[in-house]
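Residues per chain are reported as follows:
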Amino acid sequence: MKKLAILFALLLSITASGQSDQDALKTIYSQSLTNGKAYQWLDHLSNQIGGRLSGSVNAEKAVQYTKTELEKLGLDKVWLQEVMVPKWERGAKEVAHFTSNNNKFEVNICALGGSVATANSGLEATVIEVQSFEELAALGDKVKGKIVFFNGAMNPELIHTFEAYGGCSKQRYAGAYEAGKLGAVGVIVRSLNLRQDDLPHTGSMGYMDLPNEQRVPSAAISTNDANKLSEALKKDANLKFYFKQNCKQFEDVLSYNVIGQITGSEFPEEIMVVGGHLDSWDLGDGSHDDGAGVVQSMDVIRLLKESGIKPKRTIRVVLFMNEENGLRGGKKYAEEALRNNENHVFALESDSGGFTPRGFSFDCSEAALNKVLSWESLFKPYLIHYFEKGYSGADIGPLKNDHIVLAGLRPDSQRYFDHHHAANDTFDAVNKRELELGAATMTSLVYLFDKYGTSNIPQVKEFKD
């Protein structure tokens, strides 16, 4: 028995470089699907803590919880990185309705993050509907004294839903800026959601350099109610829209990025990052955006250890604070990396929900992407097929330089915007197996980049199951 125990310990100590890549990935996926912790961590983060808006009590609770959990993994180092973040509070629930032909119609709205409040008595005015900034600019003085209703919808024809989101998200972010310059008194923005429902979707907005007197209240309206309002305006252009919101912006407060590290055995100066953002909006509990990315990133570093993989390079899990309304955590991490003259060679972010993983997008050179494509056959048994150049992630974007490889996990996105920034971004919307598959897929990519580095990546022969 003693000899068997010694042999078993010896086998566990063999590094992944001593086994085939196919076997290493098989071990990683097996560990995640049978022994994963991501779903357990997400349960606590979502159901015991809840929405984690930057500067909130819940955000601080999430910092302490994830730091403690990382410390339990026996990493070489776990620490908090200070970062000043904005503090904005929604206040009492928003109310809204419009009145047409003496009939009152209640509608669902929510304040956009960073917006000013209405007067205590609320705001009522006639409405002018536009589909774009160009349409708004053409109206000129006709906007003055009115509520501008941005009704540009996400394009349902686009299979890549993030492209549809990008096509109209500027209305949410800069709508109040553009309308305020023209003398509007308020802004209502169609929720960025491909589904027709009654849930308003929040998100960040900005006033940029607008003087205070031109900063008007800005709110999102549910897709069902946006359609209802648009139809009513066709029949009654003089209808009155009323809304009241109670949000408030405070001074910046101290918060933290949470960082855990396994120091590389051969190239400790080469740093690889895997992460997601710890903050979330306040309407739901932030399970998909981005609790899923947080717990998947935590599990990457745990799965490497559980799979007997001793990284050659330093692996860091970074849980970024304040992606949603400021990106302060990502910027601070990059600033500190530059100040400390750290050599980051790879960074992977998960911030597209906890749905079934499809692959990765890469922000890197064409040569680096071609090398990555040689790994496609390794991922084929796990139905991972998407390897394309493209956007990586907001938090890791500030790390970009001439040599780093930036990557973003790309899950199936068809249902993501049903939940994005809305009250139904909750734990029950996350499938345990899909979440674990994402963690395994991320771990596999980290394993391969750690083993082969970002240059001189060998070709892998096609794997026959």
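Residues numbered from 1 in each chain as written. Predicted model: local features only at pLDDT ≥ 70, side-chain atom pairs only at ≥ 80, totals over all residues. Heavy atoms only, no water.

Tallying secondary structure elements over the protein chain gives 13 helices and 16 strands in all. Dimensions of the protein chain, computed from C-alpha atoms along their principal axes, come out at roughly 85 × 45 × 40 Å. The buried share among the 465 residues of the protein chain stands at 57%. Counted over contacts in the protein chain with a minimum sequence separation of 6, partners at least 24 positions apart contribute 83%. In the form shown here, the protein chain has an accessible surface area of approximately 19,600 Å², with 50% of it arising from carbon and sulfur atoms. Side chains of the protein chain give 50 positive and 60 negative charges; the mean places of these two sets differ by 3 Å. (Helix = DSSP H or I, 4+ residues; strand = E, 2+ residues; numbered from the N terminus. Buried < 20%, exposed > 50% of the residue type's maximum accessible area, 1.4 Å probe, protein only. Contact = heavy atoms within 4.5 Å. Areas by Shrake-Rupley, 256 points an atom, 1.4 Å probe, with all protein chains shown as cover. Lys, Arg positive; Asp, Glu negative; His and termini not counted. Charge placed at Lys NZ, Arg CZ, Asp CG, Glu CD.)

Turning our eyes to something else, we now look at the nonpolar core. A general tendency of soluble globular proteins is for nonpolar side chains to be buried together. Within the largest apolar cluster, 65 residues are counted, with the highest numbers of intra-cluster contacts made by F346, F362, F379 and L445. Of all the elements, helix 13 (residues 432-452) adds the most residues to this core, at ten residues. Those residues in contact with F379, other than ones at most four positions away along the chain, are L25, Y29, F360, I384, F387, T441, S444, L445 and L448. Ranked by size, the runner-up nonpolar core spans 21 residues in total, among them L112, L136, V143 and V189. (Core = buried A, V, L, I, M, F, W, Y, C linked by side-chain atoms within 4.5 Å.)

Looking now at unusual backbone geometry. Residue D290 is bonded to the preceding D289 through a cis peptide linkage, with omega at 0 degrees. Here D290 is to be found in helix 8 (residues 287-306). In this structure, L327 takes a positive phi of about 60 degrees despite not being glycine. In this fold, L327 is placed in the loop between strand 12 (313-320) and helix 9 (328-339). Its relative accessible area of 19% is what places L327 among the buried residues.

To continue, consider the packing of aromatic side chains. Under the criterion given, the structure shown has 18 aromatic pairs. Considering the side-chain rings of F98 and F105, the 5.0 Å spacing of their centres and the 25 degrees angle between planes classify their relative orientation as stacked. Among the residues examined, F105 registers a relative accessible area of 33% and is labelled partly exposed. Centroid distance F360 to F387: 6.2 Å. Interplanar angle 45 degrees. Geometry classified as tilted. In this pair, F360 sits in strand 14 (residues 357-363) while F387 sits in strand 15 (residues 386-389), placing the two residues 27 residues apart along the sequence. Here F360 matches F387 in class, with each residue buried. Cluster of aromatic residues (ring-pair linked, three or more members): F162, Y165, Y416 and F417. (Phe/Tyr/Trp six-rings, centres within 6.5 Å; stacked < 30°, edge-to-face > 60°.)

Below, the discussion takes up the pairing of strand 10 (residues 248-262). Here twelve bridges tie strand 1 (residues 77-89) to strand 10, and the two strands are oriented antiparallel to one another. Bridged to Q81 within strand 10 is N257. With five bridges connecting them, strand 10 and strand 12 associate as antiparallel partners. What sits directly across from Q261, in strand 12, is R316. (Pairing = 2+ DSSP bridges.)

This brings us to the sheet that holds strand 11 (residues 267-277). Hydrogen bonds along the backbone pair up the strands of a sheet, which may run parallel or antiparallel. Taken in spatial order, the eight strands line up as 1-10-12-11-13-16-14-15 in an open sheet, and their pairing is mixed. Here the strands that pair on one side only, and so sit at the sheet edges, are strand 1 and strand 15. Sheet twist, expressed as the average angle between the axes of neighbouring strands with direction ignored, equals 20 degrees. The strands touched by helix 4 (residues 57-72) within the sheet are strand 1, strand 10 and strand 12, with strand 10 carrying the most contacts at an inclination of about 5 degrees. Helix-sheet contacts for helix 13 involve strand 11, strand 12, strand 13 (343-349), strand 14 and strand 16 (405-411), and the interaxial angle to strand 14 is about 40 degrees. (Axes fitted to C-alpha atoms, helices over the stretch in contact; angles between N-to-C directions.)

Inspection of the secondary structure puts V258 in strand 10. In the structure, V258 is positioned 71 residues away from G329 in sequence and 9.6 Å away in space, judged by C-alpha atoms. Excluding anything up to four places from it in sequence, V258 contacts V63, T66, K67, L70, W79, L80, L278, V317, V318 and L319.

This part takes up the confidence of the model for the protein chain. When pLDDT is averaged across the protein chain, the result is 93; 94% of the residues are at 70 or more. Throughout residues 1-17 the model reports pLDDT below 50, and contacts reaching past four residues in sequence, or to other chains, amount to ten contacts. Every residue in residues 456-465 scores below 50 in pLDDT, and together they form 22 contacts with partners more than four places removed in sequence or on other chains. (pLDDT = per-residue confidence, 0-100.)

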